Amino acid sequence: MATAVATRTLTMAQAIAEAIGQEMERDPKVFVMGEDVGKYGGIFGATGGLLQRFGPERIMDTPISETAFIGAATGAAAEGMRPIAELMFVDFFGVCMDQIYNHLAKNTYMSGGNVKLPVVLMTAIGGGYNDAAQHSQSLYGLFAHVPGLKIVVPSNAYDAKGLMIHSIRDDNPVMFFFHKGIMGLPWMAYFEGSTTEVPEHSYTVPFGQARVVREGADVTIVTLSQMVHKSVIAAEQVAMDGVSAEVLDLRTLVPLDREAILRSVAKTGRLIVADEDYLRFGMSGEIAAIVAEELGTISLKAPVRRLGVPNVPIPYSRPLEHAVIPQVHHLVHAIHQTMASKV
Amino acid sequence: MNPTTNQLLWMYETMLVIREFEETMVNVYLEGKLPPNIQKGLAFDIGSGPVPGEMHLAAGQEPVAVGVCAHLKKEDTVTGTHRPHHFAIAKGVPLDRMAAEIFGKVTGLGRGKGGHMHLFDPEHKFSCSGIIGAGMPPACGSALAGKKLGTDWVTATFFGEGAANQGSFHESLNLAALWKLPVVFICEDNKWAISVEKSVSTAIPSNADRAAAYGVPGVRVEHNDALEVFAAAGDAVARARRGEGPTLIEVKTDRYLGHFQGDAEVYRPKDEVAELRKHDPIPALEGHLRALGLLNDQADAEIRSRAHRRVTDAYDFARATAYPEPEEALYHVFAA
């Protein structure tokens, strides 16, 4: 007889906070630093309720000194602690980039593997709510470009909890990107598919394992984060036209589940990459290149198609933002175009 | 606080080791970099020879390293700068593995993947960075960790006077003061940020005065003297160990060589270094030891011979051991 697993419905924000709380109970070396992570519980709720449980020694509100506290996370990790640092918006990382890409990402390598840096950097990404060019970017592609950082970009509460626990236990720097529009916040519209049943117990979702969210035979949509939900809606719409779209949620960019991408594209023969990051030199180009490198064994029935922000900053005005961030109708159009074209 | 005999002799011998390591490097670094062994038309080739790349040497700056590290235990952490050898040696980093790293050998501290500006020795709790001002934030973190782990460990973070105009300096001092972290901030004021003089870069004469902005003690050591540094650092380390928070110390020190080897130093008056060398801190400490009756000719000869042997052995080890295999480049992006 199977043992029943106790679950309940959680938002992604609640799931992340629960993951952190369970790891803090398990391991006294885990602690959280960041702006507004204490009394506020994180601007996007990722540390909600933790201050009350663990106190200000382990849930530390910091000054607005990102270079200092992210550098401090590196220093504390080198001494054996397991810090989690939150930096509110990914757009803010410019002020402390040196500590991330020159130190956190490189010290393990430059030490010949002698220095371990178990740091989790978590931050909010994404637009869709008119916050304009300095508060709406995705930028995971930028960090995935730098060797030495693991890149986690969950799409739902179940994955977010398991991936966060895995992130905290990983002995390497992990950047954990949560999209604001799937956190289930009471003050921002979100995709309901991101709020899921979540087991009460602790569990991990391993890195480098993409998930087939929706099986299909005609076209593969490779995507992640909030775009997973847009892709599923688009897939349901084209199903009414007789097109069977498979949606693959990458879940982590580093490590990347290359095999899952190739397996799906080998099956469908058609690839669309749906991304909320900038189009140029980013995730969508990387996925397309991976498939291009395997064209000796995979035959495509249609040219690869990429959706992403068309190399402009995210504009403020609603119609402009909707024009540049791929929407469901853009995906539907891209699927039909792909089905209609031939190589 | 007066140094013990052991501390005095340790500072003296360590300064000799540092000076010999750096002066040996002056010549080793030039091997293979000069005509006729390089591309025709070049006067110097930075990428050639057994020690390629940039080379920043600390001859003249020994008192800062030994005056502080004389107070540190193995469990205490040091973060250094792009000019890191004197700090590493004073913190007890093995000379042979450090030299091997500088030669790019697989026996080096980082298996040849860091080089002279990126020396990591977790066992002796030493690291450094090639980025100006970048060692201070991680120093706050190691001090925070020490506190959380319930230890009395102290972190000493070294940086140049040029770094005191970086945001990382101010952010880190505020954080360390706010959280009462056991960090000692030591500014090496050698006057030159490559070619830019302190008077051209910094709004006030003494960076120690900046401590007042964060409510922590600020001390200026006016002479490039191991005993003066020892006294200032002793108070600061003791204060940090007692859990009373950080101190900022600025030490006037002297850079005898260029910013990097090969630097023509067109910006520096021709007689400046000759003048500085008249106040060499090593003979000064030797004289002090002799005056105290702690050193005679025989003991001095033994110390110098030991220092020479340590440096020679390290260079021999570095030359004799192997380069990494090319595949090594692909390992250790992530910890196993």
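Basis of the calculations
- Residues numbered from 1 in each chain as written.
- Chains lettered and ligands numbered in written order.
- Predicted model: local features only at pLDDT ≥ 70, side-chain atom pairs only at ≥ 80, totals over all residues.
- Helix = DSSP H or I, 4+ residues; strand = E, 2+ residues; numbered from the N terminus.
- Rg over C-alpha atoms; globule rule 2.2 N^0.38 Å.
- Buried ≥ 20, exposed ≤ 12 C-beta atoms within 10 Å, placed from the backbone.
- Contact = placed C-beta atoms within 7 Å.
- Pairing = 2+ DSSP bridges.
- Axes fitted to C-alpha atoms, helices over the stretch in contact; angles between N-to-C directions.
- Nonpolar A, V, L, I, M, F, W, Y, C, P; charged D, E, K, R; others polar.
- Parallel < 35°, antiparallel > 145°, perpendicular 65-115°, else oblique.
- Left-handed = near helix turned anticlockwise from the far one by under 90°.
- Right-handed = clockwise from strand over helix to strand, strands pointing away.
- Domains from an automatic or database assignment.
- Core = buried A, V, L, I, M, F, W, Y, C linked by C-beta atoms within 7 Å.

*Asks:* Residues and numbers for the overall build of chain B, please.
*Replies:* Across its full length, chain B holds 11 helices and 8 strands. Against the compact-globule benchmark of 20 Å for 336 residues, chain B has a radius of gyration of 20 Å, which places it among compact chains. A principal-axis box enclosing the C-alpha atoms of chain B has dimensions of 55 × 50 × 40 Å. Taken over 336 residues, chain B has a buried fraction of 50%.

*Asks:* For the overall build of chain A, give the residues involved together with the corresponding values.
*Replies:* Of regular secondary structure, chain A possesses 12 helices and 14 strands. The principal-axis extents of the C-alpha atoms in chain A amount to approximately 60 × 50 × 50 Å. Here chain A, with 343 residues, has 59% of them falling under the buried criterion. Partitioning the intrachain contacts of chain A with sequence separation of at least 6 by distance along the chain shows that 78% fall at a separation of at least 24.

*Asks:* Tell me about the sheet that holds strand S6 (residues 150-152) of chain A, and please be specific about residues and values.
*Replies:* Residue and element names in this part refer to chain A. Within the open sheet, the 7 strands sit side by side as S3-S2-S4-S5-S7-S6-S12. Their pairing is mixed. Two strands in the sheet have a free side with no partner beyond their single neighbour: strand S3 (59-61) and strand S12 (252-254). Neighbour-to-neighbour, the strand axes of the sheet open up by a mean angle of 20 degrees, direction not taken into account. Pairing of strand S5 (residues 120-125) with strand S7 (residues 174-179), which is carried by 6 bridges, proceeds in the parallel orientation. Its bridge partner being in S7, Met122 is matched across the sheet by Phe176.

*Asks:* Just give me the short version of the interface of chain A and chain B, but keep the residues and values in it.
*Replies:* Contacts between the two partners involve 33 residues from chain A, matched on the other side by 33 residues from chain B. Sorting the residues of the side of chain A that touches chain B by element identifies helix H3 (66-78), helix H4 (97-104) and helix H5 (107-110) of chain A as the ones contributing at least two each. A per-element tally of the side of chain A that touches chain B places H3(A) first, with 10 residues. When the residues that make up the side of chain A that touches chain B are grouped by side-chain class, the tally is 12 nonpolar, 17 polar and 4 charged.

*Asks:* Talk me through the packing of helix H1 (residues 5-30) of chain B against helix H2 (residues 62-69) of chain B; I want residue IDs and the actual numbers.
*Replies:* A packed helix pair is summarised by two numbers, namely the angle formed by the two axes and the spacing between the axes. Residue and element names in this part refer to chain B. At their nearest, the axes of H1 and H2 sit 10 Å apart, and the two run at 140 degrees to each other. Between H1 and H2, the interaxial angle falls into the category oblique. As for how H1 packs across H2, the hand of that crossing is right-handed. In this structure, H1 uses Met11, Thr14, Met15, Ile18 and Arg19 to contact H2, whose residues at the interface are Glu62, Ala65 and Val66. When grouped by side-chain class, the residues that make up the contact of H1 with H2 number 5 nonpolar, 1 polar and 2 charged.

*Asks:* Tell me about the pairing of strand S8 (residues 247-252) of chain B, residues and numbers included.
*Replies:* All names here are of chain B. In terms of burial, S8 is largely enclosed, as 6 of its 6 residues are buried. On S8, burial covers both faces: Thr247, Ile249 and Val251 on one face and Leu248, Glu250 and Lys252 on the other are all buried. Where strand S4 (residues 183-189) and S8 come together, 6 bridges link them in parallel fashion. Bridged to Phe185 within S8 is Leu248. With respect to chirality, the unit in which strand S7 (residues 218-221) leads through helix H8 (residues 226-241) into the neighbouring parallel S8 is right-handed.

*Asks:* I'd like to hear about the sheet that holds strand S10 (residues 219-223) of chain A, residue by residue, with values.
*Replies:* Residues and elements named next belong to chain A. A sheet is described by the order of its strands in space; here 5 strands give the open sequence S9-S11-S10-S13-S14, paired in mixed fashion. Each end of this open sheet is capped by a strand with a single partner; those strands are strand S9 (211-214) and strand S14 (305-309). Put simply, the sheet's adjacent strands are angled 25 degrees from each other on average, direction ignored. Relative to S14, strand S13 (residues 271-278) runs parallel, the two sharing 4 bridges. Counterpart to Val273 in the pairing with S14 is Arg306. Running at roughly 160 degrees to S14, helix H12 (residues 328-340) makes contact with S10, strand S11 (245-249), S13 and S14 of the sheet.

*Asks:* An account of the domain arrangement of chain A is requested, with residue identities and associated values reported.
*Replies:* Residue and element names in this part refer to chain A. The domain boundaries assigned to chain A delineate domain 1 (8-199) and domain 2 (211-340). Taken together, the contact pairs 28 residues of domain 1 with 21 residues of domain 2. Every element with two or more residues in the side of domain 1 that touches domain 2 is listed here: helix H6 (140-145), S6 and helix H7 (157-169). Here the side of domain 1 that touches domain 2 is built from residues that sort into 13 nonpolar, 13 polar and 2 charged.

*Asks:* Give me the nonpolar core: which residues, what numbers.
*Replies:* Among the nonpolar cores identified, the biggest contains 197 residues, and A:Ile16, A:Phe178, B:Cys140, B:Val184 and B:Ile249 are the most heavily contacted of them. Ranked by the residues each element gives to this core, the list is headed by H1(B), at 11 residues. Lining this core are residues from two domains, each supplying at least three of them: domain 1 (8-199) and domain 2 (211-340) of chain A. Those residues in contact with B:Val184 that sit more than four places away from it in its chain are B:Val68, B:Val154, B:Ala156, B:Ala233, B:Ala236, B:Val237, B:Ala240, B:Pro246, B:Thr247 and B:Ile249.

*Asks:* Explain the packing of H2(B) against H8(B) residue by residue, including any values.
*Replies:* Residue and element names in this part refer to chain B. Look at H2 against H8: their axes get within 8 Å of each other, and the N-to-C directions meet at 40 degrees. Between H2 and H8, the angle falls in the class oblique. Considering the relative orientation of H2 and H8, their crossing is right-handed. The residues of H8 that touch H2, namely those facing Pro63, Val64, Val66, Gly67 and Val68, are Ala226, Val229, Phe230 and Ala233. Across the contact of H2 with H8, the residue classes tally to 8 nonpolar, 1 polar and no charged.

*Asks:* Could you give an account of the environment of B:Ser127, with specific residues and numbers?
*Replies:* Residues and elements named next belong to chain B. Along the chain, Ser127 turns up in strand S2 (residues 126-127). The spatial distance from the C-alpha of Ser127 to the C-alpha of Gly80 is 6.2 Å, given a sequence separation of 47 residues. Dropping the residues within four chain positions of it, Ser127 is found in contact with Thr79 and Phe120.

*Asks:* Kindly report on the environment of B:His118, identifying the contributing residues and their values.
*Replies:* Here B:His118 is to be found in the loop between helix H4 (95-102) and S2. With sequence-adjacent residues up to four places away left out, B:His118 is seen in contact with A:Met110, B:Gly110, B:Cys128 and B:Gly130.

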